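One letter stands for each residue in the lines below.
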Amino acid sequence: MLQAAKSQTWAYLQLMRPANIVTAWADILVGFAASGIDVINILPLWLLLATSGLYGGGVVFNDVFDAELDAQERPERPIPSGIIAKQNAIALGTFLLVLGIVAAAQVSATSLVIAATVAFAAIFYDAFSKHHAVFGPINMGICRGGNLLLGVSAIPAMVEHLWFLALIPIAYIAAITAISQGEVHGGKNSTGIAALVLIAGVISGVLTLALLPEYQVLAALPFVALFAWRVVPAFVQAWREATPMNIRTAVKAGVLSLIILDAAIAAGFAGLPYGLLVLGLLPISLGLAQIFAVT
């Protein structure tokens, strides 16, 4: 009985993708850095809780909507394996999304609107746009871009001035999502090229932030170099040989390296020490990725 309970708890955690949730925390910390809020403040805690609920709920519903497909392609996942009943997964996903929205509401009306928008975008992606070659990646990118702006909303007035920051994670997550469509059956070389072009645009975008008077591009450069070193080779390999294994490797590297990308942007806005603080989430995420699946 005890062993069965432990197994089910483990399966619920797997549904929530803990390693990925840590990457969502990094988005929020970037938003804090850009907004200029004092991180020794109760507001950041609410927004970190909000993003945990939003991301966790989104990935739970991903498995809910994919249950029938997973029964054929990934039968080891918690729902098709029978460890977790589909209705229980729906209840968990609903609870997490509501938790995310309610937590955001404790900060501001702006935070509430952004959180509700992210929740809607996540469900829309899971239910409808996921398998669309163009709109699906853009939809997922919007979720992560909104997540960054959720951090900025710690000071609501700053969202209006820094909305364009969302374009960086939108482009990056679009690249990862596009190439991930070949995780099971393999992908197309053209998709790999498109993903590499988007990543080049992301790196250029981070460096272009130097046009902002408050942005310290020199502090961002070490993180940009680390980001390129971790991501570009994996994506080049997935482009050259678009096998399921190479694509999964690229997707895993891409998802976890979002923390490095966030560290680069955060360092530019708040200095090298703050960038290192954000980067400190990487070993936590990598450790969890050894235990729980990322994709």
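Where an unreviewed UniProt entry is consulted, the chain appears under the name Polyprenyltransferase, with the organism given as Gloeocapsopsis dulcis AAB1 = 1H9.

J.: Would you take a moment to explain a nonpolar patch on the surface for this structure?
T.: A cluster of nonpolar side chains, contributed by Phe120, Phe124, Phe128, Val134, Phe135, Ile138 and Ile142, occupies part of the molecular surface with about 700 Å² of accessible area. Counting residues per element, the ones that place at least two in the nonpolar patch are helix H6 (109-129) and helix H7 (135-152). Owing to a relative accessible area of 59%, phenylalanine 120 belongs among the exposed residues under this scheme.

J.: It is not clear to me how the side chain of glutamine 14 should be interpreted in this structure. Could you clarify?
T.: Examined against the element boundaries, glutamine 14 turns out to sit in helix H1 (residues 2-16). Exposure remark for glutamine 14: the relative accessible area of 15% places this residue in the buried category. Apart from the residues lying within four places of it in its own chain, the contact partners of glutamine 14 are Pro78, Phe292 and Ala293.

J.: Honestly, the UniProt feature "transmembrane region" (unreviewed entry) in the chain in this entry has me stumped. Any pointers?
T.: As annotated in UniProt, the feature "transmembrane region" (unreviewed entry) corresponds to residues 21-37, 43-62, 135-155, 161-180, 192-212, 218-239 and 251-270 in the numbering used here. Annotated as 88% helix and 0% strand, the span residues 21-37 places its first and last C-alpha atoms 22 Å apart.

J.: Looking at this model, I keep getting lost on the nonpolar core. Mind explaining?
T.: Generally speaking, nonpolar side chains in soluble globular proteins are found buried as a group. Membership of the largest hydrophobic core comes to 95 residues, with the highest contact counts inside it found for Leu150, Tyr172, Leu261 and Phe269. Broken down by element, the residue count for this core peaks at 11 residues, all from helix H2 (residues 18-35). The contacts of phenylalanine 269, once residues within four sequence positions are left out, are Ala33, Ala34, Leu165, Leu209, Leu212, Glu214, Tyr215 and Gln216.

J.: Would you mind going over the packing of aromatic side chains with me for this structure?
T.: The relative placement of two aromatic rings is captured by the distance of their centres and the angle of their planes. Evaluation of the coordinates by the stated rule reveals eight aromatic pairs. Measuring from ring centre to ring centre gives 5.3 Å for phenylalanine 124 and phenylalanine 128, while their planes differ by 45°; the resulting arrangement is tilted. Placement of the pair is phenylalanine 124 and phenylalanine 128 together in helix H6, with a separation of four residues, close to one helical turn. Here phenylalanine 128 falls in the exposed class, since its relative accessible area comes to 64%. Between tryptophan 163 and phenylalanine 164, the ring centres sit 6.1 Å apart and the planes meet at 80°, which makes this aromatic pair edge-to-face. For phenylalanine 164, a relative accessible area of 25% translates into the label partly exposed. Taken together, the ring pairs in this structure connect Phe120, Phe124, Phe128 and Phe135 into an aromatic cluster.

J.: I'm lost on unusual backbone geometry in this one. Help?
T.: Most peptide bonds take the trans form, and the phi angle of most residues other than glycine is negative. In the Ramachandran plot, arginine 17 falls in the positive-phi region, its phi being about 50° despite a non-glycine side chain. Counting through the fold element by element, arginine 17 comes out in the loop between H1 and H2.

J.: Looking at this model, I keep getting lost on the pattern of salt bridges. Mind explaining?
T.: Counted according to the given criterion, the structure contains five salt bridges. Arginine 77 serves as the salt-bridge partner of aspartate 63, at 3.5 Å between the closest nitrogen and oxygen. Placement of the pair is aspartate 63 in helix H3 (residues 42-65) and arginine 77 in the loop between helix H4 (67-73) and helix H5 (86-105), with a sequence separation of 14 residues. Residue aspartate 63 is classed as buried on the basis of its relative accessible area, which comes to 2%. Here aspartate 70 and arginine 77 are joined by a salt bridge, their closest N and O atoms 3.0 Å apart.

What counts and what doesn't
- Residues numbered from 1 in each chain as written.
- Predicted model: local features only at pLDDT ≥ 70, side-chain atom pairs only at ≥ 80, totals over all residues.
- Heavy atoms only, no water.
- Patch = residues over 30% accessible without salt bridge, like charges linked within 9 Å, V, L, I, M, F, W, Y side chains within 5 Å.
- Areas by Shrake-Rupley, 256 points an atom, 1.4 Å probe, with all protein chains shown as cover.
- Salt bridge = Lys/Arg side-chain N within 4 Å of Asp/Glu carboxyl O.
- Helix = DSSP H or I, 4+ residues; strand = E, 2+ residues; numbered from the N terminus.
- Buried < 20%, exposed > 50% of the residue type's maximum accessible area, 1.4 Å probe, protein only.
- Contact = heavy atoms within 4.5 Å.
- UniProt positions renumbered as here; feature names shortened; annotations may be inferred.
- Core = buried A, V, L, I, M, F, W, Y, C linked by side-chain atoms within 4.5 Å.
- Phe/Tyr/Trp six-rings, centres within 6.5 Å; stacked < 30°, edge-to-face > 60°.

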